[in-house]
Amino acid sequence: MTSAQIRQSFLDFFASKQHTIVPSSSLMPTAPNLLFTNAGMNQFVPYFLGDQSAPWKRVADTQKCIRAGGKHNDLEDVGFDTYHHTMFEMLGNWSFGDYFKRDSLSWGWELLTKVWGIPPKRLFATVYSPDKSKGDPADFDQEAYDIWAKIFKDAGLDPKVHIVNGNKKDNFWMMGDTGPCGPCSEIHFNLLTSDDEAEGRNGVNSSSPRCIEIWNHVFIQFNANADGTFAPLAAKHVDTGMGFERVAGIHATSKGFKDFSAEPSNYNADLFKPTFDKIAALSGKTYTGTVPTERSGLSEQQTIDITFRVLVDHARCVSCAIADGILPGNEGRNYVIRRILRRGIMYGQKNLGLKTGDFSALVTPVIESLGDVFPELKTQRVMVEKAIRAEEESFGRTLSKGLSEFNQVVGDASVYDSKQLAGEHAFKLFDTYGFPLDMTQLLAAERGLSVDSTGFESEMEKQRERGRAARKTDVIVASTEGDTVAEATNFVGYSIDATHATHAKVVDVVKTEKDTYLVFDQTPFYGEMGGQVGDSGHALIGGAKFEIVDTIKDKSGRHLHRLAPASSLPSPASSATLHVDFSRRRAISRQHTSAHLLNWALRKMLGTHVRQFGTHKTPDRLRFDFTHFEALTPAQIKECEQLINEKVIDNTGVYYATVPHAEVSGRADVLQFFGDKYGKEVRVVQIGGTADASGKAKLDGYSMELCGGTHVSTTGEIGVIKIVAEMAIAAGTRRIEAVAGQAALDFIAHEEAALKTVNARLNAGTNDVAAKLESLLAQQKELEKKLKAFEAKASAGLAEELAATAATKDGLKWVSAVVTADSPDALRSLGSQVLHKVGAGAVVQLGAILEGKVSLVAYCSPEAIKAGLAAGKLIGALTAKLGGKGGGKPDYAQGGGGDATKLAEALKQ
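Report follows, based on the coordinates.

About the criteria used
- Residues numbered from 1 in each chain as written.
- Predicted model: local features only at pLDDT ≥ 70, side-chain atom pairs only at ≥ 80, totals over all residues.
- Heavy atoms only, no water.
- Salt bridge = Lys/Arg side-chain N within 4 Å of Asp/Glu carboxyl O.
- Helix = DSSP H or I, 4+ residues; strand = E, 2+ residues; numbered from the N terminus.
- Buried < 20%, exposed > 50% of the residue type's maximum accessible area, 1.4 Å probe, protein only.
- Pairing = 2+ DSSP bridges.
- Axes fitted to C-alpha atoms, helices over the stretch in contact; angles between N-to-C directions.
- Parallel < 35°, antiparallel > 145°, perpendicular 65-115°, else oblique.
- Contact = heavy atoms within 4.5 Å.
- Nonpolar A, V, L, I, M, F, W, Y, C, P; charged D, E, K, R; others polar.
- Expected span 1.5 Å × (residues − 1).

1. Some details on the pattern of salt bridges
Across all of its chains, the model carries 37 salt bridges by this definition. For the salt bridge of R621 with E737, the shortest nitrogen-to-oxygen distance reads 3.1 Å. Of this pair, R621 sits in the loop between β22 (612–617) and β23 (622–627) while E737 sits in strand β28 (residues 733–740), and the two are 116 residues apart along the sequence. R735 serves as the salt-bridge partner of D625, at 2.7 Å between the closest nitrogen and oxygen. Here the residue D625 occupies a position in strand β23, and R735 occupies one in strand β28, the gap between them amounting to 110 residues. The exposure classification of D625 matches that of R735, with both residues buried. Salt bridges sharing common partners tie together K64, D324 and E376.

2. Focus on the sheet that holds β23
One open sheet holds the four strands; their spatial order is β22-β23-β28-β27, and the pairing between them is antiparallel. Whereas interior strands pair on both sides, the edge strands pair on one side only; in this sheet they are β22 and β27 (721–730). Taking the axes of each pair of neighbouring strands and ignoring which way they run, one obtains an average angle of 15° across the sheet. As defined by bridge partners, β22 adjoins β23 across five bridges and the pair is classed as antiparallel.

3. Some thoughts on the pairing of strand β25 (residues 681–687)
For a regular strand, side-chain orientation follows a simple rule: the groups alternate between the two sheet faces. By the criterion of burial, β25 is predominantly enclosed, with six of the seven residues buried. Sheet topology places strand β24 (residues 654–660) next to β25; seven bridges connect them, and they run antiparallel. Bridging across to β25, V654 finds its partner in I687. By the bridge criterion, four bridges tie β25 to strand β26 (residues 703–706) in an arrangement that is antiparallel.

4. Let's talk about the packing of helix α10 (residues 300–323) against helix α12 (residues 363–370)
Where α10 contacts α12, the axes come no closer than 10 Å and their chain directions differ by 80°. What the angle tells us is that α10 and α12 run roughly perpendicular. Residues A315, R316, S319 and C320 of α10 touch α12, and the partners they reach there are V363, V366 and L370. Class assignment of the residues belonging to the contact of α10 with α12 gives a composition of five nonpolar, one polar and one charged.

5. Comments concerning helix α19 (residues 582–606)
For α19, with 25 residues, the first-to-last C-alpha span of 36 Å sits near the 36 Å given by 1.5 Å per residue. Burial runs high along α19: 20 of the 25 residues are buried. Following α19 by one or two positions, G607 has its phi on the positive side, about 130°.

Below, the structure is given as structure tokens:
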């Protein structure tokens, strides 16, 4: 079987068992606390928690996963062995309150032994056996043991040999510290050359690549509570996961599960061949499959083979991530993708001689392998290639800076004296420039240096601690019997006008250190959510008027109405009449509907890779953050404005529909936002299209989003939309700021006034002001050019004077002086000129005081280097005297110091 046939046979098998085959979810997770989708069960979390009813009883799929960051991080191992991946497929089958352990385990055995033909003698099963001395939860999984005992007996095998007990670490699955959990049963495959059962049993859970787990069956039957207790779930579920690349690699290596003489390797699967072939064509090198036993002292071929595996894995990972809208960036998951991409680029350039653009060339073979099963790779191909190419070009510049930083650090005399690069320096190269530790070690080894890996790990742990401190952690709770939930406020404010009043009762008065909030049984006040600010207005209670300055929502869904300072407090159960500031609400609604139109226009114009990354809507403006890999051109901004305002002029209807989430969760034309949690029912805001007789949207508009915010009734109510700014907020993330309605008219009036002022100052009309400004700028440029020429002439004269002061010592010509310079660049240029003018045997040391701080440069001619001098060592000695630091190459180095009073003396010595 080919890899594709193995994948399809898995899906076909479970389809025959009445499972619905569902597509892979995005790598952008919807489950809380995740950087990436990292397991097949992620998309089904709402069903396990009881937040939503599963639309199916049984499903199966192949799920693309990334494990590179956070709790699961295989990045640094990729390439050095044959079974770690950052991106992999997880084959899985699930039961939502339907079948349980017996069917799950017996079907697993049937697929492995009857359909795929794996020798039964080579399979072993683990069952949960708690270690009570360590506080392991729950009891021995007797049910799973009995099922396995019968399966092995029926196969003529001894259950005592083939069933292995495991504790909580190996055989009890938990989503997190809290949430659904339960015992699991793993199937392990003996890949030793011998099929001896005792040897195979000894290999289970031994971390041996020759006896590995290939399929995990998780039985979700408990909820882990925050207090450490475990409660039985109302419904029991099955969640299984099998590493596709692992199975495909074993099948290829063992020639159809028949010959176990060769070392197993996931990379033997034909799944990777197109990308291997492309790398070979680009590099002229050949992959031979060698695997190192140590990470130092690598042979040339081992380095080549490691690099091939790194490139194959990272190309798959980055391509799939970008196709799902996770572009390289500076924060969170985007930063992880950037690091993976840069690691691949660096390995390729350093070890295989690849050039900028070669990594993006790997997208084609990745799509050849995965495009049929993950069609978004095909639809997003151009965007994936452009995003990677842009990052390659950007990293090319960063790589040069990183190598310069490395050369400067290793040029420090203290580094050579200790023969070790400090961990903090290695971490800076990793964190700032994307240099993986193993690459820094390789670069250091070329200089005869080692790297303080312990210090590096210490810095890494500090970063992890910062990340853990900043990370938002949700307490996950599944539905158990006897739970009570705080009652949410009934929101009745979608259809209101300037005269609307809502009669309500005060149900709570909430006080904090700074503010006081009122809670009503129902309210027309929108609570801040989804980037839309909360409503303001007033409440009439007992004849008194209470000013409401803001409205927010708490986690239970209650609307908290913040009172203006110095307000008296009403009593709970008081009757109230609520009035929203309708003029302010209407302005906010214009901005919100404009944000939907903007999202639609950007996706239409740039592509469906555009994903909303965050929004903020106030009465005065809107901010829209989105994923895109390059700045919008002025022409694109103009086109975007044109598209939006055409829809405003059309005055199309804006409709709403509340529908089951399952009805729209699989629709690509209904946008929902990753990270948001949706209930069983969701509200769809539709622009354009049609509505039924009751006004309910028919879900046929050109813009449809899951949204709980307030909107205009027709697009014409917006009036006009104007984009005021477009900028980068992080690599791969852009921001547009825009205004709508009266705010847009105010902006246009301000721009016109500014233009008239410029016209008056330039004595120009609207039609010729641009030409006149260009003429003035050209004159300024010419004057600056003349000024630079005068400065260069003066610098050349100073260089002549300094060269004339050269003192001869030990056959070398030394120039050491304190000079005046406008900038570090000017100092470097002067030093270079002096070196040239002195000629053979020149040694130049110059210092200047720039903004109160010492700046130093040193140059050594080839003759000086041959005599044993090095510019890096000269700078190291100088900066040590001045309380600073610096370094560089033997021919050029730079540095700085804090004590300007000692500069002249240091250079004199």
